[in-house]
Amino acid sequence: MADSKNTTVTVLGLGAMGQALATAFVKGDRPTTVWNRTPGKDADLVAAGATGAATVREAVLASEVIVAVLLDHASVHQTLDPVAAELTDRRLINLTTTSPEESRELAAWAAGHGIDYLDGGIMAVPPMIGQPGASILYSGSQQVFEDSREILELAAAADYFGADAGLASTYDFALLTNMYAMFGGFFQGAALLSKSGVSASDFAPRAVAWVTAMAQLIPAYAGVIDAGTYTTDVLQDLDFHKSAIDAIVRANRDAAVSPEFIAPIKNLLDRQIADGNGKAAFERTIEELR
Ligand code: NAP
């Protein structure tokens, strides 16, 4: 049945993220039931209008939509296996961070129990939930997604990627890889500049402007990767990038800074050049990864 103001929702797990999600549902006037393994974490939510459940079974039986926001894959099974029968014919939406294979395993487990399963990857920190800018990526049951969309959008913008329950998690991890590499690059640059007496705060605005400008090149890189043709007539082939990266690594070593964030890129370039690909485009680096 499609979502409405009367749709009942249960949140399993009241860590920082579960609290934020449940708060968004309560603020959206949805009848909300909450449960947490360790008692005593539901006081603020109950004061705001949620119903506290004493057991997982009670929490599951209370609602049509069950949102699990636990620690990891193991904790999802520990919590849900004993109530599989009660979950049958309900909408299970798992927002716990799980790897793509773990998400697929949970979808298969759910299907085996007649449970409609949607998996989600949260692209936000708890204070962002219910605010513009928060986004949650979904894959798995399209029916659950469509039927629950209104309630899900109380928490964050909701995007659906397809029936493969592991796809949302794969997107999540791909984006986090991008994020960690970006922050790692900032740490490397800030460490190098600190040896010249420049603070990280002084470096930050320049780093933001530079990263923002460089991010505009991503679609062009993507086009080259998807075409799979790495010939280039511009100067910036792998040989060109190697000379730049080698100089950056030397600069870090000269300043007694460990080049650990930039070194893996040097390794990838060195390997391709040793294999005779120095005249290929920088984007060929993806072939060394896959
Ligand atoms: P958290 O504050 O550490 O809370 C973890 C929750 O999991 C608690 O409710 C905890 O219950 C419960 N839990 C742990 N092991 C359990 C088990 N074996 N059985 C039942 N419950 C168990 O974490 P969080 O920030 O809420 O994150 C929850 C999920 O959201 C994680 O998968 C996380 O990766 C994901 N996420 C978080 C963020 C973020 O910025 N926080 C962002 C994106 C995604 P107890 O109180 O009993 O320990």
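Structure shown above.
Each chain has its residues counted from 1, running along the sequence as written. Restriction of local features to residues with pLDDT of at least 70 applies here, the model being predicted, together with a cutoff of 80 or more for giving and counting side-chain atom pairs; totals for whole chains, interfaces and linings are based on all residues. Working from all heavy atoms in the structure, the side-chain values ignore hydrogens and water.

Q: Just to check I follow, could you spell out the overall build of the chain for this structure?
A: Each helix and strand counted, the chain has 13 helices and 8 strands in total. Across its three principal axes, the chain shows a C-alpha extent of roughly 65 × 45 × 30 Å. When a residue's accessible area, from a 1.4 Å probe over protein chains only, is under 20% of the maximum for its type it is buried; when over 50% it is exposed; and in between it is partly exposed. Expressed as a percentage of the 290 residues in the chain, the buried residues total 42%. Here a residue-residue contact requires only that any non-hydrogen atoms of the pair lie within 4.5 Å. Put simply, 64% of the contacts in the chain that link residues at least 6 apart link residues at least 24 apart. For accessible areas, the Shrake-Rupley method is used with a probe of radius 1.4 Å. Any residue's cover is judged against the shown protein chains and nothing else. Here the chain has roughly 15,100 Å² of accessible surface; of this, 59% comes from carbon and sulfur atoms. To qualify as a helix, a DSSP run of H or I must reach at least 4 residues; to qualify as a strand, a run of E must reach at least 2; elements of each kind are numbered from the N terminus.

Q: What should I look at first to understand empty space enclosed by the protein in this one?
A: By rolling a water-sized probe across the atoms, one finds the places where empty space is left. Space inside and on the surface of the protein is sampled on a 1 Å grid over the protein atoms alone, with a cavity defined as a set of points where a 1.4 Å probe fits but cannot get out and a pocket as an open set with protein on both sides within 12 Å along at least 5 of 7 lines; lining residues have an atom within 4 Å of a point. Grid points are joined across faces, edges and corners, and a volume is the space filled by probe spheres set on the points. Summed over all chains, the structure comprises 1 cavity of 30 Å³ or more. Here the largest cavity is characterised by a volume of approximately 30 Å³. Ranked by residues supplied to the lining of the largest cavity, first place goes to strand E6 (residues 116-123) with 3 residues.

Q: Sorry, what's going on with unusual backbone geometry here?
A: With glycine set apart, most residues show a phi of negative sign, and most peptide bonds adopt trans. Non-glycine residue Asp89 carries a positive phi angle of around 70°. Mapped onto the elements, Asp89 comes out in the loop between helix H5 (84-87) and strand E5 (91-94). A residue is classified by how much of its surface remains accessible, and Asp89, at 68% relative accessible area, is exposed. Residues other than glycine seldom take positive phi values, yet Ala256 does so here, at roughly 60°. Classification of Ala256 as exposed rests on a relative accessible area of 60%.

Q: Hey, could you run me through the sheet that holds E5 in this one?
A: Through backbone hydrogen bonds, the strands of a sheet pair up, either in parallel or in antiparallel fashion. Between any two strands, at least two bridges found by DSSP are needed for them to pair. The 8 strands lie next to each other as E3-E2-E1-E4-E5-E6-E7-E8, forming an open sheet whose pairing is mixed. Since the sheet does not close on itself, it has two edges, and those belong to strand E3 (51-52) and strand E8 (157-160), each with one partner. The sheet strands contacting helix H7 (residues 142-152) are strand E1 (9-12), strand E4 (65-68), E5, E6, strand E7 (135-140) and E8, and the helix crosses E5 at an angle near 75°. Note on method: axes are straight lines fitted to C-alpha atoms, helices fitted across the in-contact stretch only, with angles between N-to-C directions ranging 0 to 180 degrees.

Q: Would you explain the nonpolar core in this entry?
A: Soluble globular proteins tend to bury their nonpolar side chains together. Here, nonpolar core means buried Ala, Val, Leu, Ile, Met, Phe, Trp, Tyr and Cys residues that are tied together by side-chain atoms lying within 4.5 Å of each other. Leu21, Phe25, Ile93, Leu95, Ile122, Ile129 and Tyr138 are the most contacted members of the largest nonpolar core, which has 32 residues in total. Residue assignment for this core shows that the elements contributing at least two residues are E1, helix H1 (16-27), E4, E6, E7 and H7. In terms of residue count, H1 provides more of this core than any other element does, 7 residues in total. Residue contacts for Ile122: discarding those within four places in its chain leaves Met17, Leu21, Val69, Leu95, Ile129, Ser135, Ile136 and Asp172. Val76, Leu80, Leu106 and Ala110 belong to the second-largest nonpolar core, a separate cluster that totals 22 residues.

Q: Would you mind showing me how to read the pairing of strand E2 (residues 32-35) here?
A: Working note: regular strand, side chains alternate between the two faces of the sheet. Burial of the side chains of E2 extends over both faces: Thr32 and Val34 are buried on one face and Thr33 and Trp35 on the other. Relative to E2, E1 runs parallel, the two being bridged by 4 bridges. Considered in E2, the bridge of Thr10 is made with Thr33. Handedness of a crossover is defined as follows: orient the strands so they point away from the viewer, and if the path from the first strand over the helix to the second runs clockwise, the crossover is right-handed. Of the crossover connections in this fold, the one passing from E2 over helix H2 (residues 43-48) to the parallel E3 is right-handed.

Q: Honestly, the environment of Ala24 in this entry has me stumped. Any pointers?
A: In this fold, Ala24 is placed in helix H1. Considered as a pair, Ala24 and Gly130 are 106 residues apart in the sequence and their alpha carbons are 5.7 Å apart. Dropping the residues within four chain positions of it, Ala24 is found in contact with Ile129, Leu154 and Ala155.

Q: Would you mind showing me how to read the packing of aromatic side chains here?
A: To describe a pair of aromatic rings, you give the distance between the ring centres and the angle between the ring planes. Ring geometry is summarised as follows: Phe, Tyr and Trp rings, the Trp one being its six-membered ring, pair when their centres sit within 6.5 Å, and such pairs are stacked at plane angles under 30 degrees, edge-to-face over 60 and tilted between the two. Tallied over the full model, the rule gives 7 aromatic pairs. With centroids separated by 5.6 Å and ring planes inclined at 50°, the aromatic side chains of Tyr138 and Phe145 adopt a geometry described as tilted. Across the pair, exposure class does not vary: Tyr138 and Phe145 are buried alike. Within the aromatic cluster, the residues linked to one another by ring pairs are Phe186, Phe187, Phe203 and Phe261.

Q: How should I be thinking about the layout of surface pockets in this particular structure?
A: Taken as a whole, the second largest pocket encloses approximately 400 Å³ of empty space. What lines the second largest pocket is a set of 17 residues, and nearest its centre among them are Ile122, Met123, Ala124, Asp172 and Leu176. Elements supplying a minimum of two residues to the lining of the second largest pocket: E6 and helix H8 (167-194). Here the residues of the lining of the second largest pocket sort into 13 nonpolar, 3 polar and 1 charged. Start and end positions for the domains come from either an automated domain assignment or a database one. A domain split of the lining of the second largest pocket shows at least three residues from each of domain 1 (9-164) and domain 2 (171-289). Polar here means any residue outside two lists: the nonpolar Ala, Val, Leu, Ile, Met, Phe, Trp, Tyr, Cys and Pro, and the charged Asp, Glu, Lys and Arg; Gly therefore counts as polar.

Coordinates in, geometry out; function isn't part of it.
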